[in-house]
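Understanding the architecture of this molecule
Chain residues, written in single-letter form:
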Amino acid sequence: MKVAIDGPAGCGKSTIARMIADNLGFLYINSGNIYRAVAYLSLREHVSWRDASSMIALMQRHRFDYLPDGSVLVDGDALLRELRSSEVDAIVSQVSAIPEIRREVNLIIRQIADAKNVVSEGRDITTVVFPDAELKIYLDASTQVRAERRYHEKVTELKDHLSIEDIKNNIEMRDKLDKEKPVGALKIAQDAEYLDTSDLTIAQVYEKVYKILMARIAHGRK
Ligand code: DC
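Residues numbered from 1 in each chain as written. Predicted model: local features only at pLDDT ≥ 70, side-chain atom pairs only at ≥ 80, totals over all residues. Heavy atoms only, no water.

A few points about the overall build of the protein
Our working rule: Helix and strand assignments follow DSSP, with helices taken as H or I runs no shorter than four residues and strands as E runs no shorter than two, numbered in order from the N terminus. Relative accessibility decides the category of a residue: with a 1.4 Å probe and only protein chains considered, values under 20% of the type maximum give buried, values over 50% give exposed, and everything between is partly exposed. Note that accessible areas follow from Shrake-Rupley with a 1.4 Å probe, and for residues the cover is restricted to the protein chains shown. By the counting rule applied here, Lys and Arg register as positive and Asp and Glu as negative, while His and the ends of each chain are not counted. We put the charge of a Lys on NZ, of an Arg on CZ, of an Asp on CG and of a Glu on CD.
When you go through the protein residue by residue, the secondary structure sums to 10 helices and eight strands. In terms of overall dimensions, the protein has C-alpha extents of about 55 × 40 × 30 Å along its principal axes. Looking at the protein as a whole, 48% of its 222 residues qualify as buried. Total accessible area on the protein stands at roughly 11,400 Å², and carbon and sulfur atoms take up 50% of it. When the 32 basic and 34 acidic side-chain charges of the protein are each reduced to a single mean position, those positions are 3 Å apart.

Following this line, the structure appears as structure tokens:
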């Protein structure tokens, strides 16, 4: 079974996807981390994201795999913390906007997911990567709420530099990039369940998603 979750930055999709994976024994695939691994490699190997053909060549020089904790294995080395650096944050949207990179990443995700029960989250999982997923969820929340959530996730020293307003501006910029990409843009799939989580706790969101999922599983067995 494939569960696909999309939504903008800070909507809570990683937390919910991970909870489903832990509770139901599904494999959790954070697709953003694969784009982040490509961005990380481009920095490490001094390949400019502006040069699409060198970026594809870069991807083809390495072997990508994935660990259940969200780490991306590149030639057998696990990357996780490195994927969250501010340098990676600064270029990952641009890297993920390159159509050929998206094609390669989609192949990697489908290969990792092959014949498994999977919950995967990102921006185009419900629309492009797994258009036939048995369950599609679109999670949303207001920019203010998403900025507050991100602010409270940040470590103390970062809070000294970034206000909620700064984070909100950054989220608005990322939303625009995510929604206006020529390929793989963030969209609400016609057959997705839409959930606005602005006024919900994580536990309440999980309960709603879990109920929908159980109903789908029961329906699938009929
Ligand atoms: O979810 P995230 O913020 O870690 O994602 C990192 C970047 O990758 C972000 O700019 C959106 C992009 N992304 C994408 O274009 N498609 C996906 N399926 C997942 C992430």
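As for the sheet that holds strand β8 (residues 193-196)
Note the following rule: At least two DSSP bridges between two strands are needed for those strands to be called paired. Whenever a helix is involved, its axis is fitted only over the stretch in contact; in every case the axis is a line through C-alpha atoms, and angles between N-to-C directions fall within 0 to 180 degrees. Throughout, a residue-residue contact means that at least one pair of heavy atoms, one from each residue, lies within 4.5 Å.
The strand order across the open sheet built from five strands is β2-β6-β1-β7-β8, with neighbouring strands paired in parallel fashion. Each having just a single partner strand, β2 (27-30) and β8 make up the two edges of the open sheet. For this sheet the average axis-to-axis angle between neighbouring strands, irrespective of direction, equals 20°. Direction of pairing for strand β7 (residues 135-140) relative to β8: parallel, over a ladder of four bridges. Paired with tyrosine 138 across the strands is tyrosine 194, a residue of β8. The sheet strands contacting helix α2 (residues 31-44) are β2 and β6 (118-122), and the helix crosses β2 at an angle near 45°.

Notes on the pattern of salt bridges
To be explicit about the condition: Salt bridge, as applied in this entry: a Lys or Arg side-chain nitrogen positioned within 4 Å of an Asp or Glu carboxyl oxygen.
Within the structure shown, the criterion is met by 11 salt bridges. Between arginine 102 and aspartate 124 there is a salt bridge; the shortest N-O distance is 3.0 Å. With arginine 102 in helix α5 (residues 99-113) and aspartate 124 in the loop between β6 and α6 (125-129), this pair connects stretches of sequence that are 22 residues apart. By relative accessible area, aspartate 124 is classed as buried at 2%.

Focus: the packing of aromatic side chains
Applied cut-off: When the centres of two rings from Phe, Tyr and Trp lie within 6.5 Å, Trp using its six-membered ring, the rings pair. Their planes under 30 degrees apart give stacked, over 60 give edge-to-face, and anything left gives tilted.
Under the definition given, this model contains two aromatic pairs. The interplanar angle of 15° and the centroid separation of 5.8 Å between the aromatic rings of tyrosine 138 and tyrosine 194 together place this pair among those described as stacked. Of the two residues, tyrosine 138 sits in strand β7 while tyrosine 194 sits in strand β8, which places them 56 residues apart along the sequence. On the basis of relative accessible area, tyrosine 138 is assigned to the buried category, the value being 3%. By relative accessible area, which is 42% here, tyrosine 194 ends up partly exposed. Each ring, one from tyrosine 206 and one from tyrosine 210, has its centre 5.8 Å from the other, and the planes form 35°; the classification is tilted. One end of the pair, tyrosine 206, and the other, tyrosine 210, are both in helix α10 (residues 202-221), four residues apart, so they sit about a helical turn from each other. Under the relative-accessibility criterion, tyrosine 206 is labelled buried at 11%. The class for tyrosine 210 is partly exposed, based on a relative accessible area of 33%.

Thoughts on the sheet that holds strand β4 (residues 72-74)
Consider a sheet: its strands pair through backbone hydrogen bonds, and that pairing is either parallel or antiparallel. The strand order across the open sheet built from three strands is β3-β4-β5, with neighbouring strands paired in antiparallel fashion. Because the sheet does not close on itself, it has two edges, and the strands there are β3 (64-66) and β5 (77-79). The average undirected angle you get between the axes of adjacent strands in this sheet is 35°. Two elements, β3 and β4, share three bridges in a ladder whose sense is antiparallel. Bridging from a neighbouring strand, phenylalanine 64 pairs with valine 74 of β4. Here α2 sits on the sheet and contacts β3, β4 and β5; the angle it forms with β4, its principal contact strand, is near 35°.

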